[in-house]
Amino acid sequence: MKWKEILVFAVITLLAVSLFAASASLIAAAKKEGKVVVYSISSRISNAAAAFEKKYGIKVEAYDLHDYELVEKVSKEAKTGVAGADFVIAQDAGRVFGELIKPGYVYTYMPEDMKSVIPAEFQDPLVFAFITKVFCYNSQTYTYPPVDNIWALTDPAWKGKFFFKDPFKEGVNMNFLTMVTSPEWSAKIAKAYEDYYGKPIHLTTPNAGYEWIKGILNNGLVMFTSDTKMSESVGVKGQNVKAIGLFAYTKVRYRTSKNLALMPIMGMEPFAGFYYPAYLLMVKNAKHPNAAKLFIEFLLTPEGFEPWHHSPGVYSSNPEISPFPGDNAFKIWKEILIGEDGNYIFNHRAEIEDFWGSFAY
């Protein structure tokens, strides 16, 4: 790095630190508590915890949990009065909304000096980051995307060649399937069917979203237990892989570290995948509330978000934190991906789970 670039980087870092400075009274109160406990759906919390400890001298107990484990643990601890986390980084909007926020087990804390920074629509509940899952193909096998419409994945030509993570292994995947059946998206999927086949869809289920789910399951959908294994199966070189996977876009970083050939299908109609938020939420009766508030504020800064800034596919709710170099801005992904509606998911997910179970197993 040239000296000029080093100087610019240093100035930007100093400006970021000064712009996002927590109040002296909060820092003093947090240091007096001396400790904070966080449950997180991301293993990267351990690096953020180390940076927070180094900066403030406050001990952090960080636990990396699956999304369903986190919701059940916080809910159980709240019902029994057991002291657990002071705050959480949680995903799975339907369960977070219905099982944690609605009964009052967690609540939003919005740092005062971040109110003018974080967009209003992301403040309650407070969004930490957005994560994307995108249709990807093997770019060594295919020069260009081999499909551009989701209905191709129900064609016999793609039988047994569409990969997806078992939705009972990760709630956000079931949330995506639930959103597919919403009035808005089922109408778009019906339109995509007509575009693909040149005729209106004939329904044997409640709507086109259900029909697409039924179609991919009847066409030999291959379910994986992890997005990492799926990305490795799709992107392996030298094996003429002819498959499409819908997995976390962060896995495209394996193009370098694991020599995989992965490219996204951004032109897929009517959607290129989905995105979901990870929330920062205070836990009711937190034993270290000030340390938790300080850590939440820290995570919203460039310094606190740094552990998540090493790969594409993760986007801070703070618009002043740029995406990973070479990745698109979140606003571009948002236009082509399905988002979560926590209220809709909470009210309809059980129906989709039953429907999925009747065809998948």
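All values reported here derive from a predicted model rather than from experimental measurement.

Caption draft 1: Highlighting the confidence of the model for the protein chain. Residues with a pLDDT of 70 or more make up 94% of the protein chain, whose mean pLDDT is 93. Per-residue pLDDT stays below 50 along residues 1-15; that stretch engages in one contact with residues further than four places along the chain or on separate chains.

Caption draft 2: Representation of the pairing of strand β5 (residues 127-138) in the model. Burial runs high along β5: twelve of the twelve residues are buried. Note: β5 against strand β10 (residues 273-283), seven bridges, orientation antiparallel. Paired with Thr 132 across the two strands is Tyr 275, which belongs to β10. Judged from the three bridges that link them, β5 and strand β11 (residues 314-316) form a sheet pairing that is antiparallel.

Caption draft 3: Looking closely at helix α7 (residues 183-197). Between its first and last C-alpha, α7 extends 21 Å over 15 residues, near the 21 Å set by a 1.5 Å rise per residue. Buried residues of α7: Trp 185, Ser 186, Ile 189, Ala 192 and Tyr 193, and no others. One side of α7 holds all its buried residues, which, seen down the axis, span an arc of 115°. Opposite the packed face of α7, turned more than 90 degrees from it, sit the exposed residues Pro 183 and Asp 195. On its buried side, α7 packs onto α6 (171-180) and α8 (208-218). Following α7 by one or two positions, Gly 198 adopts a phi angle in the positive range, close to 75°.

Caption draft 4: Structural view of the side chain of Thr 132. Residue placement: Thr 132 occurs in strand β5. Those residues in contact with Thr 132, other than ones at most four positions away along the chain, are Phe 247, Ala 248, Tyr 249, Phe 274, Tyr 275, Gly 313, Tyr 315, Trp 333 and Leu 337.

Caption draft 5: Structural detail: the environment of Gly 235. Looking at the element boundaries, Gly 235 is found in helix α9 (residues 227-235). Distance from Gly 235 to Asn 259, taken between C-alpha atoms, is 8.4 Å for residues 24 residues apart in sequence. Ignoring any residue separated from it by four or fewer positions in sequence, one finds Gly 235 in contact with Asn 138, Leu 260, Ala 261 and Leu 262.

Caption draft 6: Here's a closer look at the pairing of strand β3 (residues 87-90). Residues Phe 87 and Ile 89 point to one face of β3 and Val 88 and Ala 90 to the other, with burial holding for every one of them. Sheet topology places strand β1 (residues 35-40) next to β3; three bridges connect them, and they run parallel. Paired with Val 38 across the bridge in β3 is Phe 87.

Caption draft 7: Broad picture of the packing of helix α3 (residues 45-56) against helix α11 (residues 289-299). Packing of α3 against α11 brings their axes to within 11 Å, and their N-to-C directions diverge by 115°. In this view, α3 runs roughly perpendicular relative to α11, as classed from their interaxial angle. The handedness of the crossing between α3 and α11 comes out as right-handed. Residues Ile 45, Ala 48, Ala 49, Ala 51, Phe 52, Lys 55 and Tyr 56 of α3 lie in contact with α11, whose contacting residues are Ala 291, Leu 294, Phe 295, Phe 298 and Leu 299. Within the contact of α3 with α11, the residues separate by chemical class into eleven nonpolar, no polar and one charged.

Caption draft 8: Layout of the packing of helix α4 (residues 67-80) against helix α5 (residues 93-101). Packing of α4 against α5 brings their axes to within 10 Å, and their N-to-C directions diverge by 10°. One finds that α4 runs roughly parallel with respect to α5. Note on element contacts: α5 touches α4 through Arg 95, Glu 99 and Leu 100, opposite Tyr 68, Val 71, Glu 72, Val 74 and Ser 75.

Caption draft 9: Expanded view of the packing of aromatic side chains. For the coordinates displayed, the defined rule picks out 33 aromatic pairs. Look at Phe 97 and Phe 346: their rings are 6.1 Å apart centre to centre, the planes differ by 75°, and that puts the pair in the edge-to-face class. Taken together, the residues span a long stretch of sequence, with Phe 97 in helix α5 and Phe 346 in helix α14 (residues 342-360) at a distance of 249 residues. Exposure remark for Phe 346: the relative accessible area of 34% places this residue in the partly exposed category. Consider the rings of Phe 130 and Phe 330, whose centres lie 4.4 Å apart with planes at 10°: the pair is stacked. Here the residue Phe 130 occupies a position in strand β5, and Phe 330 occupies one in helix α13 (residues 330-336), the gap between them amounting to 200 residues. Phe 330 carries the same exposure label as Phe 130, and that label is buried. Cation over ring: Lys 188 sits above Trp 185, and NZ or CZ is 4.1 Å from the ring centre.

The rules behind the values
- Residues numbered from 1 in each chain as written.
- Predicted model: local features only at pLDDT ≥ 70, side-chain atom pairs only at ≥ 80, totals over all residues.
- Heavy atoms only, no water.
- pLDDT = per-residue confidence, 0-100.
- Contact = heavy atoms within 4.5 Å.
- Buried < 20%, exposed > 50% of the residue type's maximum accessible area, 1.4 Å probe, protein only.
- Helix = DSSP H or I, 4+ residues; strand = E, 2+ residues; numbered from the N terminus.
- Pairing = 2+ DSSP bridges.
- Expected span 1.5 Å × (residues − 1).
- Arc of directions from axis to C-beta.
- Axes fitted to C-alpha atoms, helices over the stretch in contact; angles between N-to-C directions.
- Parallel < 35°, antiparallel > 145°, perpendicular 65-115°, else oblique.
- Left-handed = near helix turned anticlockwise from the far one by under 90°.
- Nonpolar A, V, L, I, M, F, W, Y, C, P; charged D, E, K, R; others polar.
- Phe/Tyr/Trp six-rings, centres within 6.5 Å; stacked < 30°, edge-to-face > 60°.
- Lys NZ or Arg CZ within 6 Å of the ring centre and 35° of its normal.

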